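Each chain is listed here by its residues.
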Amino acid sequence: MEQINNSDEVLNTVRSIVYHLNDVNLAKMTPKMIALPINNVKLLEEITDIIFDRALKRQNYTHVYAQICACMINDSKFNKLATDTKTTFQKVLLEKCYDVFYTEYQQELNKLKEKMKKNSMVPKRCISTLNNFQFDFNKKSICNCRFIGELFRMGAFPKKVILSCITDLSKENENNELQIHCLCTILQLVGPILSKTYDLSIPVNKLVSSLNNHGMSSTLKCLIHQVKRMHSEGWKNEEPVKFIENNYTEFFNLPKHMKSVYKLKSNMIMAEWIYDECYDVLFNFVNKNKIDEVIQLLKFSNTWIFYDPVLFVISIILVALEENQNVRIHAGKLLNNLNKKKKLSTRSIQLGVNKVLNDSGTKKEYPNLSNLVSDITGQSKH
């Protein structure tokens, strides 16, 4: 290791160590990693990026990467930089985990939206791209939770970090399957340790209450029951945690019933994207109350009603939800008139209404969502 004397050589060595890391070579590779000459913050951050990214991509080896990271954190010389005593490997790694947990989704989504706009993607391609994004991020988030849980079990992450994660996930809407899956994942790993000093009844009860969601996948329900059983038995079962794996590597390969969660979220995102377009359409009708003029406007604008009528309906409803009852009533009349003029099918309107009512984010934003939507749906038989 004395021969490694510049950043490029250090980074190349890190890549060679972590790329094929496994249970067999872990003991041999850990001392090599700890012996690396790290002498500045930038290099430490780059090393952390390499390890962290690889750990989340190889979900079957999360525990191995957590173990080598724990050894690096618990080695006082490696964990603390001589040039900056406030920066440690543990802090940098914590920040990486935190970003995935709290901020990365919106940042990456915004980047993707800008890319799709610049490339002028057709609507169908936009939805396909978003579906893949949702799927990939879900797998990354769940793997990140496993990584965090493993690090805590190995004494490498403080209790307050885990408690914060559990508390935040327990506050999420019971229809958000990703948050529920993340909470199950963390509790499976940290429950046996954390339960000795902290009552886990609240987060477990939160999971159990979510079983009332009839649209939840059977796979996730099994996972909740597994956590419930562990809790009821006092977390005394020391058998290896059996995770329910998602062995599908791409959204395209998912069974139809597993695609619905990702499609719903993608539809809501696209509906928000065309919000301005639908705002103009709706308020033209509110101000002039002339459906033929609205139809002419639709013909001359780049409206999504021709590409994806369900998204158009969703977005019209989202616009109306932010307005007063008079506007919501007009929104219902607009949809009804477009249906009579054969510009929107009854099925498209019904699907759009159902997707809004079933979206966890919209429910959270509008606690009285059903009443608000009834202002719209009350104007027709849909």
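Heads up: the structure comes first, above all this text.
A brief look at the structure comes next. (Residues numbered from 1 in each chain as written. Predicted model: local features only at pLDDT ≥ 70, side-chain atom pairs only at ≥ 80, totals over all residues. Heavy atoms only, no water.)

Most often, soluble globular proteins keep nonpolar side chains buried together rather than apart. Counting residues in each nonpolar core, the largest one holds 71 residues, and the members touching the most others are Ile51 and Phe147. A per-element tally of this core places helix 9 (residues 177–194) first, with ten residues. The residues touching Ile51, leaving out its near neighbours within four places in the chain, are Val14, Val18, Met33, Tyr65, Cys69, Met72 and Phe89. Among the nonpolar cores identified, the runner-up in size contains 49 residues, and Tyr275, Val281, Leu282 and Val319 belong to it. (Core = buried A, V, L, I, M, F, W, Y, C linked by side-chain atoms within 4.5 Å. Buried < 20%, exposed > 50% of the residue type's maximum accessible area, 1.4 Å probe, protein only. Helix = DSSP H or I, 4+ residues; strand = E, 2+ residues; numbered from the N terminus. Contact = heavy atoms within 4.5 Å.)

Helix length check: helix 13 (residues 275–288), at 14 residues, gives a terminal C-alpha distance of 20 Å against a target of 20 Å (1.5 Å per residue), a fit within 8%. Within the sequence span of helix 13, burial applies to Tyr275, Glu277, Cys278, Val281, Leu282, Phe283, Asn284, Phe285 and Val286. (Expected span 1.5 Å × (residues − 1).)

Glancing now at helix 9. The end-to-end C-alpha distance of helix 9, which contains 18 residues, comes to 24 Å, matching closely the 26 Å that a straight helix rising 1.5 Å per residue would cover. Where helix 9 bends most, at Gln188, the angle is about 40°, and the proline Pro192 comes one to four residues later. Measuring from the side-chain oxygen of the N-cap residue of helix 9 to the backbone nitrogen of Leu178 gives 3.3 Å; that N-cap residue is Asn176. (Bend = angle between axes of the 7 residues up to and from the residue. Polar contact = N/O pair within 3.5 Å; in protein donor to acceptor, adjacent residues only side chain to side chain.)

Another aspect to go through is the state of the cysteines. Note on terminology: a disulfide is the covalent bond linking the sulfur atoms of two cysteines. A complete count under the given rule lists zero disulfides for this structure. You can see Cys165 has no disulfide; the closest cysteine sulfur is in Cys145, sitting 6.9 Å from it. The thiol of Cys182 is not disulfide-bonded; the next cysteine sulfur, from Cys145, is found 3.5 Å away. (Disulfide = S-S within 2.5 Å.)

Here the largest pocket defines a volume of roughly 1500 Å³. Together, 50 residues line the largest pocket, and Asn176, Lys265, Asp359, Ser360 and Gly361 are the ones closest to its centre. Those elements that place two or more of their residues in the lining of the largest pocket are helix 6 (89–118), helix 7 (123–153), helix 8 (159–171), helix 9, helix 12 (256–273), helix 17 (346–358) and helix 18 (360–365). Broken down by class, the residue content of the lining of the largest pocket amounts to 20 nonpolar, 18 polar and twelve charged. (1 Å grid on protein atoms, 1.4 Å probe; cavity = no way out; pocket = protein on both sides within 12 Å on 5 of 7 lines; lining within 4 Å. Points joined across faces, edges and corners; volume = space filled by probe spheres on them. Nonpolar A, V, L, I, M, F, W, Y, C, P; charged D, E, K, R; others polar.)

Okay, unusual backbone geometry next. Trans peptide bonds make up the majority, and among non-glycine residues the majority have a negative phi. Positive phi outside glycine occurs at Asn289, with the angle close to 55°. Within the secondary structure, Asn289 is located in the loop between helix 13 and helix 14 (291–300). Phi angles above zero are rare outside glycine, and Lys342 is one such case at about 60°.

Examined against the element boundaries, Thr13 turns out to sit in helix 1 (residues 7–18). Given the relative accessible area of 16%, Thr13 is considered buried. Among the polar contacts listed, one links the side chain of Thr13 to the backbone oxygen of Glu9, at a separation of 2.8 Å.

Moving on to the packing of aromatic side chains. The full count for this structure, using the stated rule, is ten aromatic pairs. Among the aromatic side chains, those forming a connected cluster through ring pairs are Tyr98, Phe101 and Tyr102. The lysine or arginine in question, Arg58, covers the ring of Tyr61, its NZ or CZ lying 4.1 Å from the ring centre. Here Lys259 stacks its cationic end above the ring of Phe252, 5.6 Å away from the centre of that ring. (Phe/Tyr/Trp six-rings, centres within 6.5 Å; stacked < 30°, edge-to-face > 60°. Lys NZ or Arg CZ within 6 Å of the ring centre and 35° of its normal.)

Right, let's talk about the pattern of salt bridges for a bit. For the structure on display, the rule yields nine salt bridges. A salt bridge links Glu46 to Lys42; its shortest N-O distance comes to 2.7 Å. One end of the pair, Glu46, and the other, Lys42, are both in helix 3 (residues 41–57), four residues apart, so they sit about a helical turn from each other. In this structure, Glu293 and Lys288 form a salt bridge, with 2.7 Å as the shortest nitrogen-oxygen distance. You can call Glu293 partly exposed: its relative accessible area is 30%. Taking the relative accessible area as the measure of exposure, Lys288 reaches 44% and is therefore partly exposed. (Salt bridge = Lys/Arg side-chain N within 4 Å of Asp/Glu carboxyl O.)

Packing of helix 10 (residues 201–209) against helix 11 (residues 218–232) leaves a shortest axis separation of 9 Å and a crossing angle of 145°. Of the two possible hands of crossing, helix 10 and helix 11 adopt the one that is left-handed. Between helix 10 and helix 11, the contacting residues are Ser201, Val204, Leu207 and Val208 on the first element and Ile224, Val227, Lys228 and His231 on the second. (Axes fitted to C-alpha atoms, helices over the stretch in contact; angles between N-to-C directions. Left-handed = near helix turned anticlockwise from the far one by under 90°.)

Attention shifts here to the packing of helix 15 (residues 309–321) against helix 19 (residues 369–377). Look at helix 15 against helix 19: their axes get within 10 Å of each other, and the N-to-C directions meet at 110°. As summarised for this structure, helix 15 and helix 19 are arranged roughly perpendicular, according to the angle between their axes. Once helix 15 is placed against helix 19, the crossing between them reads as right-handed. For the pair formed by helix 15 and helix 19, the contact residues are Ile317, Ala320 and Leu321 on the first element and Leu369, Leu372, Val373 and Ile376 on the second. Split into classes, the residues belonging to the contact of helix 15 with helix 19 amount to seven nonpolar, no polar and no charged. (Parallel < 35°, antiparallel > 145°, perpendicular 65-115°, else oblique.)

In short, shape yes, function no, at least from these values alone.
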